[in-house]
Amino acid sequence: MSKQIQAIRGMNDCLPQDSALWQYVETTLRDTAASYGYSEIRFPIVEMTELFKRSIGEVTDIVEKEMYTFTDRNGDSLTLRPEGTACCVRAGNEHGLLYNQEQRLWYTGPMFRHERPQKGRYRQFHQFGLEAFGIATPDIDAEVIILTARIWQKLGLTPYVKLELNSLGSNEARAAYRDKLVAYLEQHKDLLDEDSLRRLYSNPLRVLDSKNPALAEVLAKAPKLAEHLDAESAAHFASLQQRLTAAGIEFVINPRLVRGLDYYNKTVFEWVTTELGAQGTVCAGGRYDGLVEQLGGKATPAVGFAMGLERLILLLQSLNLAPDLPTQADIYLLAMGETAELAAISVAERLRSELPAKRVILHCGGGNLKKQFKKADKSGAAIALILGEEELARQEITVKWLREEKPQQTLKLSELAQQLA
């Protein structure tokens with residue numbers, strides 16, 4: 001036998017028994033975004049590598065260690081997208097969607113990062129992202145966060161997630177703060193771990209985000225970003241908090257929340273949970289007013305978020321919040337005899353036309369009645385319809401309930417759809 005080919009490590013199949021839950025989550029996300037007036041945008045899985053170097057930042061874990069990058073036959077450096085915001089901005093710039101306009105957009109699909117696979121963190125993972133362009137005021141920041149809160153409400157997750165907020169201020173204020181932070185960390189250089197030393201001069205704000213418990217005391221005493229905000233950013237942040245409070249959204253200020261991507265400014269936020277161990281962030285986002293211009297467009301304010309679907313589904317499963325979802329079929333149609341089998345094709349098609357919400361499986365593959373009933377039961381259908389030669393001659397069909405203690409009954413074919421409705 002030939003050697004069996006396996007999936008690539010960290011890239012997983014979504015099997016039929018799991019896809020119903022995925023569809024439920026994806027439908028909830030799409031419907032919620034649409035209810036706020038957001039439209040779907042789709043963009044390629046592969047982009048020019050330069051897009052991510054310029055947007056995410058060359059001195060980030062994603063660009064330094066995690067991107068799937070290759071040279072194509074034309075000699076161009078291409079990358080499987082590691083996140084969606086840069087792609088969305090590139091598409092908006094390219095097609096003239098952003099300058100002097102307001103756009104509310106959402107997208108979903110696979111992203112790729114070469115990380116060590118673990119529960120809730122994979123090399124191919126799926127994100128749902130949402131971006132709002134052209135509005136500089138804190139009301140849109142609040143809308144984006146309130147929208148995520150509605151998603152948690154719909155999925156039953158509200159008691160299990162917590163909103164953390166921070167403001168990174170303007171680029172100028174952050175640069176001044178950066179110098180003070182570097183000066184402070186230099187005084188404690190002997191206590192910094194390898195990752196923090198690597199980031200000390202290239203991306204020092206990421207040191208604040210370190211999960212190393214040995215650094216907790218040093219970082220607790222570090223200068224606070226909130227104390228170095230420019231006046232405009234401080235007013236923006238205060239107004240955002242007022243709006244969230246007015247909407248009944250609870251939050252905590254996390255002064256060490258900085259996000260891992262270079263393009264954020266002002267508002268940053270994360271929804272976190274304690275139910276998933278180390279992979280505690282289920283949604284993250286913030287404002288990135290400079291990115292559109294950085295990628296070749298005209299200056300355009302923007303705010304958005306992304307959430308990982310694998311992690312969201314894992315959370316629903318771990319909390320037993322996954323709803324009872326439809327099985328493979330509602331109705332399973334069995335036929336006995338060659339004439340009945342031919343007629344059953346038309347019966348099944350008529351049911352699909354007249355009862356479009358019902359899933360109808362027509363038995364294929366032959367076999368005796370016992371074998372057909374076994375397949376009907378395995379399909380999860382609530383009803384089995386039996387069409388034999390005698391029933392067909394009388395223009396009737398037998399209805400058998402597979403999940404309820406109801407007596408078997410015979411119906412006229414002409415009345416079948418109406419009765420089953």
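What you are looking at is a predicted structure, and each value in this text was computed from that prediction instead of being measured. Within each chain, residue numbers correspond to sequence positions counted from 1 in written order. Side-chain atom pairs in this predicted model are given and counted only at pLDDT of 80 or more, local residue features only at pLDDT of at least 70, and totals for whole chains, interfaces and linings cover all residues. Only hydrogens and water are removed before side-chain values are computed, so all heavy atoms of the structure are retained for them.

Caption draft 1: The overall build of the chain, seen in detail. A count of helices and strands for the chain gives 15 helices and 16 strands. Computation of the radius of gyration draws on C-alpha atoms, with the globule rule given as 2.2 Å multiplied by the number of residues to the power 0.38. On C-alpha atoms alone, the chain measures out to a radius of gyration of 28 Å, which is more than a quarter above the 22 Å that the 2.2 N^0.38 rule sets for 421 residues. Think of it in three bands: residues with accessible area under 20% of the maximum for their type are buried, residues over 50% are exposed, and the middle band is partly exposed, with areas taken using a 1.4 Å probe on protein chains only. In the chain, buried positions account for 48% of the 421 residues. For this analysis, residues touch if any pair of their heavy atoms sits within 4.5 Å. Contacts in the chain between residues at least 24 apart in sequence constitute 70% of all its contacts with a sequence separation of at least 6. Per-residue and other accessible areas follow the Shrake-Rupley method at a 1.4 Å probe size, with only the shown protein chains counted as cover for residues. When the accessible surface of the chain is split by element, carbon and sulfur atoms take 49% of a total near 21,500 Å². Only four residue types enter the charge count: Lys and Arg as positive, Asp and Glu as negative, with His and the chain ends excluded. Throughout, a charge is located at the NZ atom of Lys, the CZ atom of Arg, the CG atom of Asp or the CD atom of Glu. Mean positive and mean negative side-chain charge positions of the chain (50 and 55 charges, respectively) differ by 3 Å. The helix and strand labels rest on DSSP assignments: H or I over at least four residues marks a helix, E over at least two residues marks a strand, and numbering proceeds from the N terminus.

Caption draft 2: Region of the structure containing the sheet that holds strand 9 (residues 265–272). Judged by pairing direction, the sheet is mixed, and its eight strands sit side by side in the order 1-5-6-11-10-9-7-8 without closing on themselves. In this open sheet, the two edge strands, each paired with only one partner strand, are strand 1 (39–40) and strand 8 (252–253). At least two bridges found by DSSP between two strands is the condition for calling them paired. Examined bridge by bridge, strand 7 (residues 162–167) and strand 9 share six bridges and lie antiparallel to one another. Among the inter-strand pairings, Glu 164 is bridged to a residue of strand 9, identified as Glu 270. To get an axis, a line is fitted to the C-alpha atoms, and for a helix only the part in contact is used. The angle between two axes follows their N-to-C directions and goes from 0 to 180 degrees. The sheet strands contacting helix 1 (residues 16–35) are strand 5 (103–112), strand 6 (124–133) and strand 11 (302–308), and the helix crosses strand 6 at an angle near 5°.

Caption draft 3: Up close: the sheet that holds strand 2 (residues 46–48). Reading across from one edge, 2-4-3 is the order of the three strands in this open sheet, with antiparallel pairing throughout. The outermost strands of the open sheet, each flanked by one partner alone, are strand 2 and strand 3 (68–71). Pairs of neighbouring strands in the sheet enclose a mean axial angle of 35°, with direction left out of account. Relative to strand 2, helix 2 (residues 49–56) is tilted by about 70°, and along the sheet it contacts strand 2, strand 3 and strand 4 (77–80).

Caption draft 4: How the structure looks around the UniProt feature "binding site: L-histidine" (unreviewed entry) in the chain. UniProt positions are given in the numbering used here, feature names are shortened, and annotations may be inferred rather than shown by experiment. As recorded in UniProt, the feature "binding site: L-histidine" (unreviewed entry) lies at Glu 83, Gly 84, Thr 85, Arg 113, Gln 127, Glu 131, Arg 259, Tyr 263 and Tyr 264. By the element assignment, Gly 84 lies in the loop between strand 4 and helix 4 (85–94). We classify Gly 84 as buried; its relative accessible area is 1%. Dropping the residues within four chain positions of it, Gly 84 is found in contact with Phe 43, Tyr 107, Met 111 and Gln 127. Structurally, the position occupied by Thr 85 is in helix 4. Taking the relative accessible area as the measure of exposure, Thr 85 reaches 6% and is therefore buried. Apart from residues lying up to four places away in sequence, Thr 85 is in contact with Tyr 107, Glu 131, Tyr 263, Tyr 288 and Leu 291.

Caption draft 5: Representation of helix 13 (residues 369–378) in the model. Two or three places before Lys 370, at the start of helix 13, stands the capping residue Asn 368, its side-chain oxygen 3.3 Å from that residue's backbone nitrogen. Backbone geometry just downstream of helix 13 places Gly 380 in the positive-phi region, at approximately 85°. The definition of a polar contact used here is a pair of N or O atoms within 3.5 Å, where within protein one atom must be able to donate a hydrogen and the other to accept one, and adjacent residues in sequence count solely through side-chain atom pairs.

Caption draft 6: Focus on the state of the cysteines. Disulfide: a pair of cysteine sulfur atoms within 2.5 Å of each other. Within the structure shown, the criterion is met by zero disulfides. Between Cys 87, a cysteine without a disulfide, and Cys 88, which holds the nearest cysteine sulfur, the sulfur-to-sulfur distance is 8.4 Å.

Caption draft 7: Seen up close, the environment of Ala 91. Looking at the secondary structure, you find Ala 91 in helix 4. A residue is classified by how much of its surface remains accessible, and Ala 91, at 5% relative accessible area, is buried. Taking C-alpha positions, Ala 91 is 7.1 Å from Phe 43, a pair spaced 48 residues apart along the chain.

Caption draft 8: Quick peek at the side chain of Glu 47. Tracing the backbone through its elements, the reader meets Glu 47 in strand 2. A relative accessible area of 8% places Glu 47 in the buried class. If near-sequence neighbours (up to four positions away) are discounted, Glu 47 is found in contact with Phe 52, Ser 77, Leu 78, Thr 79, Cys 87 and Arg 90.

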